[in-house]
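Okay, here's what each chain looks like letter by letter:
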Amino acid sequence: EAGVTQFPSHSVIEKGQTVTLRCDPISGHDNLYWYRRVMGKEIKFLLHFVKESKQDESGMPNNRFLAERTGGTYSTLKVQPAELEDSGVYFCASSQERFYEQFFGPGTRLTVL
Amino acid sequence: AQRVTQPEKLLSVFKGAPVELKCNYSYSGSPELFWYVQYSRQRLQLLLRHISRESIKGFTADLNKGETSFHLKKPFAQEEDSAMYYCALSPSGGYQKVTFGTGTKLQVIP
């Protein structure tokens, strides 16, 4: 069974541009999470979807970030416009039930120049 | 506010030596504590959680509520233990929103 997949693996963009990250959870997992690790800092929670609904988006840094999960399958995280401080690794995780183990994807490394 | 502190960015030990990765936390309540590991070129994965009280790959972690610590220990380090280790917590009742520490890189010297 395929694990959580993320696309792209690496993205390099210029400040002010838009980038969309995609996450495909493990099939059948209703819970989907986004995290990010900014250089030298801890991995931080961004938001949690249950199916297509946002359960908790308390970690979203500002309104330049927009997460969607149409149809309750894959999710996208759009950054518009990107700023230098958005550089980091963005992780996606999924779990079958809310209280079950979260399985992580390989991450997308975003570099904003 | 919940917080996880891992004071060491890098820990180098010789093969066969004991390992202790330190973790302290702050949380108003009784959180669930975890250790995650990321081996080179692999994804982040759960190593162990405190409520299961199990030993995984020879690692154990004891929750000390008085000292708010959850240190990870292994009596004899192996080369394959070299990896990045993250201590983490979530609200009582399960995984949900996980708060991570900054991580400790364990380097086992042959």
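Keep in mind that what you see is a predicted model, and the values were worked out from it rather than measured.

Chemist: What is the right way to read the overall build of chain B from this model?
Modeler: Helices and strands together make up the secondary structure of chain B, namely zero helices and 11 strands. If you list the helices and strands of chain B from N to C, you get β-β-β-β-β-β-β-β-β-β-β. In summary, chain B has a C-alpha radius of gyration of 13 Å against a globular reference of 13 Å for 110 residues, a match within 12%. The principal-axis extent of the C-alpha atoms belonging to chain B is close to 40 × 30 × 25 Å. Within chain B, buried positions represent 46% of all 110 residues.

Chemist: Just checking my understanding: could you explain the packing of aromatic side chains for this structure?
Modeler: Two descriptors summarise a pair of aromatic rings, namely the distance from one centre to the other and the angle between the planes of the rings. In the structure shown here, the tally under the stated rule is 11 aromatic pairs over all chains. Measuring from ring centre to ring centre gives 5.7 Å for Tyr35(A) and Phe100(B), while their planes differ by 85°; the resulting arrangement is edge-to-face. A residue pair is termed interchain when its members come from two chains, as with Tyr35(A) in strand S4 (residues 31–37) and Phe100(B) in strand S10 (residues 99–100). Just as Tyr35(A) is buried, Phe100(B) falls in that class too. Consider the rings of Phe104(A) and Tyr36(B), whose centres lie 5.7 Å apart with planes at 80°: the pair is edge-to-face. Taken together, the positions of Phe104(A) in strand S10 (residues 103–104) and Tyr36(B) in strand S5 (residues 32–38) put the pair across two chains. Tyr36(B) shares its class with Phe104(A); the two are buried. Every member of this aromatic cluster is reached through a ring pair, and the members are Tyr33(A), Tyr35(A), Phe45(A), Phe104(A), Phe34(B), Tyr36(B), Tyr86(B) and Phe100(B). It is Arg22(A) that lies over the ring of Tyr74(A); its NZ or CZ is 3.7 Å from the centre.

Chemist: Help me understand the state of the cysteines, please; the structure alone is not making it clear to me.
Modeler: Simply put, the disulfide is a covalent bond whose two ends are the sulfur atoms of two cysteines. Residue and element names in this part refer to chain B. Under the criterion given, the structure shown has two disulfides over all chains. The disulfide that involves cysteine 23 links it to cysteine 87, with 2.0 Å between the sulfurs. Across the S-S bond linking cysteine 23 and cysteine 87, the dihedral sits near -65°, which makes this disulfide left-handed. One end of the pair, cysteine 23, is in the loop between strand S3 (19–21) and strand S4 (24–26); the other, cysteine 87, is in strand S9 (residues 83–90), with 64 residues separating them in the sequence.

Chemist: Sorry if this is basic, but what is going on with the interface of chain A and chain B here?
Modeler: It is common to give the size of an interface as the accessible area lost on bringing the parts into contact. The partner chain B presents 15 residues to the 21 residues of chain A that form the contact. Buried area between chain A and chain B, both sides added, is near 1600 Å², and the carbon and sulfur share of it is 56%. It is Ile43(A), Phe99(A) and Phe104(A) in chain A that bury the most area against chain B; as a group they hold 35% of the surface buried on that side. Where chain A meets chain B, there are five residue pairs in polar contact (both at pLDDT 80 or more). Breaking the side of chain A that touches chain B down by element, the ones donating at least two residues are S4 and strand S5 (43–50) of chain A. Considering every element that reaches the side of chain A that touches chain B, the biggest residue donor is S4(A), with three residues. Split into classes, the residues belonging to the side of chain A that touches chain B amount to 10 nonpolar, five polar and six charged.

Chemist: What am I meant to see in the sheet that holds strand S1 (residues 5–7) of chain A here?
Modeler: All names here are of chain A. Pairing within the open sheet is antiparallel, and its four strands lie in the order S1-S3-S8-S7. Each having just a single partner strand, S1 and strand S7 (65–68) make up the two edges of the open sheet. Each neighbouring strand pair of the sheet contributes to a mean axis angle of 15°, computed without reference to strand direction. One ladder, built from four bridges, connects S7 with strand S8 (residues 75–79); its direction is antiparallel. Across the sheet, phenylalanine 65 pairs through a bridge with valine 79, a residue of S8.

Reading the values: the criteria
- Residues numbered from 1 in each chain as written.
- Chains lettered and ligands numbered in written order.
- Predicted model: local features only at pLDDT ≥ 70, side-chain atom pairs only at ≥ 80, totals over all residues.
- Heavy atoms only, no water.
- Helix = DSSP H or I, 4+ residues; strand = E, 2+ residues; numbered from the N terminus.
- Rg over C-alpha atoms; globule rule 2.2 N^0.38 Å.
- Buried < 20%, exposed > 50% of the residue type's maximum accessible area, 1.4 Å probe, protein only.
- Phe/Tyr/Trp six-rings, centres within 6.5 Å; stacked < 30°, edge-to-face > 60°.
- Lys NZ or Arg CZ within 6 Å of the ring centre and 35° of its normal.
- Disulfide = S-S within 2.5 Å.
- Contact = heavy atoms within 4.5 Å.
- Buried area = accessible area lost by both parts, 1.4 Å probe.
- Polar contact = N/O pair within 3.5 Å; in protein donor to acceptor, adjacent residues only side chain to side chain.
- Nonpolar A, V, L, I, M, F, W, Y, C, P; charged D, E, K, R; others polar.
- Pairing = 2+ DSSP bridges.
- Axes fitted to C-alpha atoms, helices over the stretch in contact; angles between N-to-C directions.

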